[in-house]
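Residue-level structural notes
Each chain, written out:
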Protein chains: 2
Amino acid sequence: MREVIPQPLTADAFAPFGEVIEASDRAEQIAINYGFTTRFNDLADVDVGDEGGRAIVSLFRARPLDPPRLKIFERHPLGSQAFVPLQGRPYLVAVAPPGGFDPAAVQVFRAAAYQGVNYRKGVWHHFLLALEAESDFLVIDRAGPGENLDEIDLAEPDQILVRP
Amino acid sequence: MREVIPQPLTADAFAPFGEVIEASDRAEQIAINYGFTTRFNDLADVDVGDEGGRAIVSLFRARPLDPPRLKIFERHPLGSQAFVPLQGRPYLVAVAPPGGFDPAAVQVFRAAAYQGVNYRKGVWHHFLLALEAESDFLVIDRAGPGENLDEIDLAEPDQILVRP
């Protein structure tokens, strides 16, 4: 088992895996509603594939994994999946590139409370890693025909302990 | 101008206009992630129409309208639009049924910080009404071809002042 200290989540560091959903200066900003609202537009590539999928909105209520020992990764071959924290708490994001799972390629990020993530179709990721307390997240992913979940169990030497 | 005291937002009261996005007992609840997560599944009907639309995810940063005097309503004839508060503050929701706008049919709700809303396609609604302070909301709506915004300006007698 190796130990990892999470890195701060940034759009650049996360780009190989998807998008960071945040109100940053990189976003297209549109003044709407007679100046009362700024729209940070189109921050995530919602991908429901070409096989009859549709975008759905759900809430995930997640308990922290304590300690955060990462043994299982998953991927969704048919669609993207976005998570946005709703209760002002940071969380962990653990990802690996699409294709054959490479435990050495896992990257662990610490997302701030104001940051969501959108996993691109096929990107390996750990299941939702709340921190501090049970926390709700808004989730935008795909419903539709086909098998949209692959999982992998890591052998002990490939497991990752996330340090605070 | 008439005055209205907002009613609490409930799924039943809001049903003619769309869905309330909340982790309630009415939702389908699925235990996932080895018991660490409960998925409250498919809480909003994301409708992007049949004319080449796609679902997009944006952030809206909204300043309160103070006092909340409602003069302008809008509707999106080509798609639904969902709002989920991200900073733990309540907000106001003002809606009227689809079709010809009827000022007497406007209903005003006070949404709790843990409640999102999804406006059904064509439902008249006031633009985003933050309360207390500038607030961010996650928005799921439609991008694509076609004109997806109608607006109506209310004459003074039809305007609505929302009481705290």
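An unreviewed UniProt entry lists chain A under the name Ureidoglycolate lyase, from Phenylobacterium hankyongense. Here chain A is described in UniProt, under the heading Subunit (unreviewed entry), as follows: "Homodimer." According to UniProt, the comment filed for chain A under the heading Catalytic activity (unreviewed entry) is "(S)-ureidoglycolate = urea + glyoxylate".

**As for the sheet that holds strand β9 (residues 81-85) of chain B**
Strand order in the open sheet made by the seven strands is β4(A)-β5(A)-β6(B)-β15(B)-β9(B)-β12(B)-β3(B), with antiparallel pairing throughout. Edge positions in the open sheet fall to β4 (28-32) of chain A together with β3 (18-21) of chain B, since each of these has one partner strand only. Pairs of neighbouring strands in the sheet enclose a mean axial angle of 25°, with direction left out of account. Relative to strand β6 (residues 54-62) of chain B, strand β5 (residues 37-44) of chain A runs antiparallel, the two sharing five bridges. Within β6 of chain B, the residue paired with Phe-40 of chain A across the bridge is Leu-59 of chain B.

**Digging into the relation of the copies chain B and chain A**
The two copies are related by a screw operation: chain B maps onto chain A through 180° of rotation and 0.0 Å of translation along the axis, at an RMSD of 0.0 Å. Here the copies are linked by what is in effect a two-fold axis. The rotation axis passes nearest to the C-alpha of Leu-86 of chain B in chain B, at a distance of 2.6 Å. Mapped onto chain A, 100% of the interface residues of chain B again fall at the interface, so both copies present the same surface.

**Remarks on the sheet that holds strand β7 (residues 69-70) of chain B**
What holds strands together in a sheet is hydrogen bonding between their backbones, with the strands either parallel or antiparallel. With respect to topology, three strands assemble into an open sheet ordered β1-β17-β7 (chain B), the strand pairing being mixed. Both outer strands of the open sheet, β1 (2-4) and β7 of chain B, are each paired with one neighbouring strand and no more.

**Things to note about the interface of chain B and chain A**
On the chain A side, the residues contacting the 41 residues of chain B number 41 residues. Note on chain B versus chain A: buried area summed over both sides is about 3700 Å², and carbon and sulfur give 59% of it. Of all residues in chain B, Phe-36, Val-57 and Leu-59 of chain B bury the most surface against chain A, accounting for 19% of the area lost on that side. The interface formed by chain B and chain A holds four salt bridges in total. Note that Asp-42 of chain A and Arg-54 of chain B form a salt bridge whose closest N and O atoms lie 2.8 Å from each other. Applying the counting criterion to the chain B and chain A interface returns 24 residue pairs in polar contact (both at pLDDT 80 or more). Going through the elements one at a time, β5 (37-44), β6, β8 (72-75), β9 and β15 (135-143) of chain B are the ones with two or more residues in the side of chain B that touches chain A. Tallying contributions element by element places β6 of chain B first for the side of chain B that touches chain A, with nine residues. When grouped by side-chain class, the residues that make up the side of chain B that touches chain A number 25 nonpolar, seven polar and nine charged.

**Topic: the nonpolar core**
Ile-21 and Leu-138 of chain A together with Ile-21 and Leu-138 of chain B are the most contacted members of the largest nonpolar core, which totals 30 residues. Those elements giving two or more residues to this core turn out to be β5, β6 (54-62), β9 (81-85) and β15 (135-143) of chain A together with β5, β6, β9 and β15 of chain B.

**What about the pairing of β9 of chain A?**
Residue and element names in this part refer to chain A. Here β9 lies mainly inside the structure; five of its five residues are buried. Every second residue of β9 is oriented toward a common face, with Gln-81, Phe-83 and Pro-85 on one face and Ala-82 and Val-84 on the other, all of them buried. Inspection of the sheet shows β9 paired to strand β12 (residues 116-119) by three bridges, in the antiparallel sense. Note that in β12 the partner of Phe-83 across the bridge is Val-117.

Rules used throughout
- Residues numbered from 1 in each chain as written.
- Chains lettered and ligands numbered in written order.
- Predicted model: local features only at pLDDT ≥ 70, side-chain atom pairs only at ≥ 80, totals over all residues.
- Heavy atoms only, no water.
- UniProt positions renumbered as here; feature names shortened; annotations may be inferred.
- Pairing = 2+ DSSP bridges.
- Helix = DSSP H or I, 4+ residues; strand = E, 2+ residues; numbered from the N terminus.
- Axes fitted to C-alpha atoms, helices over the stretch in contact; angles between N-to-C directions.
- Least-squares fit on C-alpha atoms with pLDDT ≥ 70 in both.
- Contact = heavy atoms within 4.5 Å.
- Buried area = accessible area lost by both parts, 1.4 Å probe.
- Salt bridge = Lys/Arg side-chain N within 4 Å of Asp/Glu carboxyl O.
- Polar contact = N/O pair within 3.5 Å; in protein donor to acceptor, adjacent residues only side chain to side chain.
- Nonpolar A, V, L, I, M, F, W, Y, C, P; charged D, E, K, R; others polar.
- Core = buried A, V, L, I, M, F, W, Y, C linked by side-chain atoms within 4.5 Å.
- Buried < 20%, exposed > 50% of the residue type's maximum accessible area, 1.4 Å probe, protein only.

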